[in-house]
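This is what each chain is made of:
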Amino acid sequence: MKRLEQIARQFDLKDVINMLTEYDIIHQAMPQLKGKLSGLVQYDRKRIFVDTEQDFSQRRNTIIHELLHIYSRVKLLKLTEEQIKELAGIIERREYDRI
C-alpha cells in the first residue's frame, strides 16, 4: 500500500496533461464488453475508450484507471490490474472527496 500511496502522490496534473496531449479519449457505447471492461487503452493508436453506458462517476473512475495504465507503462512501474484499481481509488478519493 505504501508504494501505491507514493505513486499516487507523484501522479499529478502535469502527467495527466502530457498523456491527454498524446491520447484521444473516445466516449462510446461498448455493449460487446458489458460486464467485462469499462474502458480500454489502444497504445499503438494512442486512444482511450470509455463506455458511455456508465454514469458520470464511473466514467471518471474509468478515465483515471486507463490513464494509470498509460502512466504505469511510461514510468515502467509494472503495476498489476489490481494495483491500478486500488491506485485509481486512492487518486479519486484524494481529488474528489475534498469537494
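Presented here is an overview of the structure given in this document.

Let's talk about the packing of aromatic side chains
No. 1: Overall, the coordinates contain 1 aromatic pair when judged by the stated rule.
No. 2: Look at Phe11 and Tyr71: their rings are 5.0 Å apart centre to centre, the planes differ by 85°, and that puts the pair in the edge-to-face class. Pair noted here: Phe11 is in the loop between α1 (2-10) and α2 (13-22) and Tyr71 is in helix α3 (residues 56-74), with a separation of 60 residues, a long-range link.
No. 3: The exposure class assigned to Tyr71 is buried, which follows from its relative accessible area of 5%.
No. 4: Between Arg60 and the ring centre of Tyr96, over which it is positioned, the NZ or CZ distance is 3.7 Å.
No. 5: Of note, Arg73 hangs over the ring of Tyr43, and the distance from its end group to the ring centre comes to 3.8 Å.

Some thoughts on the nonpolar core
No. 1: Judged by nonpolar contacts, the single largest core of 23 residues is most densely connected at Phe11, Leu67, Leu68 and Leu87.
No. 2: Mapped by element, the contributors of at least two residues to this core are α1, α2, β3 (47-51), α3 and α4 (81-96).
No. 3: Among the elements that line this core, the one with the most residues is α3, at 6 residues.
No. 4: In contact with Leu87, other than residues within four places in its own chain, are Leu4, Ile7, Ala8, Leu68 and Leu79.

Thresholds, definitions, all that
- Residues numbered from 1 in each chain as written.
- Predicted model: local features only at pLDDT ≥ 70, side-chain atom pairs only at ≥ 80, totals over all residues.
- Heavy atoms only, no water.
- Phe/Tyr/Trp six-rings, centres within 6.5 Å; stacked < 30°, edge-to-face > 60°.
- Helix = DSSP H or I, 4+ residues; strand = E, 2+ residues; numbered from the N terminus.
- Buried < 20%, exposed > 50% of the residue type's maximum accessible area, 1.4 Å probe, protein only.
- Lys NZ or Arg CZ within 6 Å of the ring centre and 35° of its normal.
- Core = buried A, V, L, I, M, F, W, Y, C linked by side-chain atoms within 4.5 Å.
- Contact = heavy atoms within 4.5 Å.

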